[in-house]
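Here's the letter readout for the chains.
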Amino acid sequence: MWFSLILISAESFGIISLQLISPIWIILLILLFYYFIGLVLLNLFVFVFLLVLVFVQWISFVSFSSLFITQRMLDAYLETLPEAVISRLFASPSACLVVLRMLPPLAKSIVMRLLFATAAVPVASLEKFTGLITNKVSHYAFSRLRSLKILKEKYTSQTLELHPAFQKSLRTALTCGSTNEGFEETGAQIDAAFLAEFHNERWESMLNYMVSSADQTMELSGLHKKVKLNPVILELLSKSNLLGRQKNITSDGFQFLLQARYTQVWTLLLHYLNNAAALDMDPVDILNFLFRLGTLELGRGQLVSSLPLAHKRLVTELAELGVVYLKNDVFYAAIELSDSTMDTEKNAASRDAPTAKGSGSDVENQGFIIVETNYRIYAYTSSPLQISILGLFCSIKARFANLLIGRFTRHSARRALSSGITADQIIQYLNSNHRGGALPPTIVDQIKLWQLELDRFRQEDGILFRDFISTKEYTAVSEYAQDIGALIWKNDKTRMFFVPEKSAKDITEFVNKLT
């Protein structure tokens, strides 16, 4: 059939004569046709596969970045604790187990190598053990162990050993010892779905309070009056600089909304720890309780009456945040606190996306905003929290059942920028929730221009590194600063870079290691 059609077509149009057509040529043409079709389909399949792979990697990177931020915040707090306080903290097996999970892989290997050692190990032996690892990774692992006071170095004998209390407690935790010391299980159980709903309700009530300062937003979103918060939580938000003096949201508060949920929880808990003295509480008791809470299984009840007086007060205040659920004389862990202190390589891709995509763990709100080049904004949401957030930096014109119509104006943008919210934060929020790709460039440029009208300079305290001996040395040190997230500015031509003051010590140690 194919052969006859080709012959008729060729003869009727006079393209070729019948004598030139042979079955072999026809077969070759058919094979060539199917070859090109197959090649196109193969390329299309490869393109779709790569697109899916890039999307999965992006989700993993977002989750990993948020988790890394949380871990560094907790590290920074632990590094500030004096030796006496750290020794008391390391007396708890659950605390040591959580600290071990926070360490990078090489640091964990070093700890496990020294854990059951009966005497100090020579430095040369450990250097041989880490000899195949690059200098950056090795230096970072030892730096983390020293900053957390886990590793002790004896300079006279050139030996290393673990902190005695840490070594003893970690042995207990890893050899099936109890990590829930002080907790008494009652046998009562609650469904994990109910606990998750309870946590979301309490946490979003707090977020609603933070963003409910705009009168117009309050009226259109249905939040006609502020949610009542526990005075202790309200004071905590103020001392954490998440709320200003007039109880309005600050720049730090808006950045807090952009974080992942577990990062938000630990950010507030660390502020609670920093204010422990003002609350007349011991930070070690709080940390121990939180670390033990992170080892509990969701839904299993624990007896309140078996807790010390300080922990009973802590349970009451954590219940206001939705971290625990309190019913009569029994409390339950409402969320897995260990999620933010677990190994950053474990299940990174399966963690929640940042709360900027909903700012309240509403998956249905992800990609719900459409921004046009004429400064109009359409938000397909019925969430009062989302409407309140949008009202911070845009003028809301109308609201329907599941649609909000607003507009960017100079006045609305300057109102948000004057309260401390930055242009980058607004753009980050819109990009995270925008449907259909990136924001229009005209919108991004205009928001930045509005900020430039208010703030033409940016001031940051830090240390300037310069006068490097060679380009090789400059490259190695600047790359290390970038790897640990400390690089603020650099100029490769003049071989200079700028870092925060708190990171200068680590970088100086790395420079000395190179020389």
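The structure we're discussing is the one just above.
## Overview of the overall build of the protein
Alright, step 1. Scanning the protein for helices and strands turns up 21 helices and 14 strands.
Alright, step 2. Each of the 515 residues in the protein was classed as buried or not, and the buried ones make up 45%.
Alright, step 3. When the accessible surface of the protein is split by element, carbon and sulfur atoms take 58% of a total near 27,200 Å².

## Comments concerning the packing of aromatic side chains
Alright, step 1. On inspection of all chains with the given rule, the structure shows 17 aromatic pairs.
Alright, step 2. Between phenylalanine 198 and tyrosine 325, the aromatic rings sit 5.0 Å apart at their centres with planes inclined by 75°, giving edge-to-face as the arrangement. Separated by 127 residues along the polypeptide, phenylalanine 198 in helix H9 (residues 192–210) and tyrosine 325 in strand E6 (residues 324–327) bring together distant segments of the chain. Judged on exposure class, the residue phenylalanine 198 and its partner tyrosine 325 are both buried.

## Remarks on the pattern of salt bridges
Alright, step 1. Scanning all chains against the criterion turns up nine salt bridges.
Alright, step 2. The salt bridge involving arginine 88 is made with aspartate 282; its shortest N-O contact spans 2.3 Å. Of this pair, arginine 88 sits in helix H3 (residues 83–89) while aspartate 282 is found in the loop between helix H13 (261–274) and helix H14 (283–294), placing the two residues 194 residues apart along the sequence.
Alright, step 3. The residue aspartate 467 makes a salt bridge to arginine 466 at a minimum N-O spacing of 3.7 Å. In terms of burial, aspartate 467 and arginine 466 fall into one category: exposed.
Alright, step 4. Each member of the salt-bridge network shares a partner with another, and the members are Arg410, Arg414 and Glu453.

## Some thoughts on the pairing of strand E11 (residues 404–407)
Alright, step 1. The pairing of strand E9 (residues 376–379) with E11 spans four bridges and is classified as antiparallel. When the sheet's bridge partners are listed, tyrosine 378 is paired in E11 with isoleucine 405.
Alright, step 2. Both strand E10 (residues 395–399) and E11 contribute to a ladder of four bridges, which runs antiparallel. Considered in E11, the bridge of serine 395 is made with arginine 407.
Alright, step 3. The antiparallel pairing of E10 with E11 creates a hairpin that spans four residues between the two strands.

## Some thoughts on the sheet that holds strand E12 (residues 462–465)
Alright, step 1. Taking strand neighbours across the sheet as the criterion, the three strands line up as E12-E14-E13 in an open arrangement whose pairing is antiparallel. Since the sheet does not close on itself, it has two edges, and those belong to E12 and strand E13 (489–491), each with one partner. Across the sheet, the mean angle separating the axes of adjacent strands is 15° when strand polarity is ignored.
Alright, step 2. Strand direction decides the pairing type here: E13 and strand E14 (residues 496–500), joined by three bridges, are antiparallel.

Calculation criteria
Residues numbered from 1 in each chain as written. Predicted model: local features only at pLDDT ≥ 70, side-chain atom pairs only at ≥ 80, totals over all residues. Heavy atoms only, no water. Helix = DSSP H or I, 4+ residues; strand = E, 2+ residues; numbered from the N terminus. Buried < 20%, exposed > 50% of the residue type's maximum accessible area, 1.4 Å probe, protein only. Areas by Shrake-Rupley, 256 points an atom, 1.4 Å probe, with all protein chains shown as cover. Phe/Tyr/Trp six-rings, centres within 6.5 Å; stacked < 30°, edge-to-face > 60°. Salt bridge = Lys/Arg side-chain N within 4 Å of Asp/Glu carboxyl O. Pairing = 2+ DSSP bridges. Axes fitted to C-alpha atoms, helices over the stretch in contact; angles between N-to-C directions.

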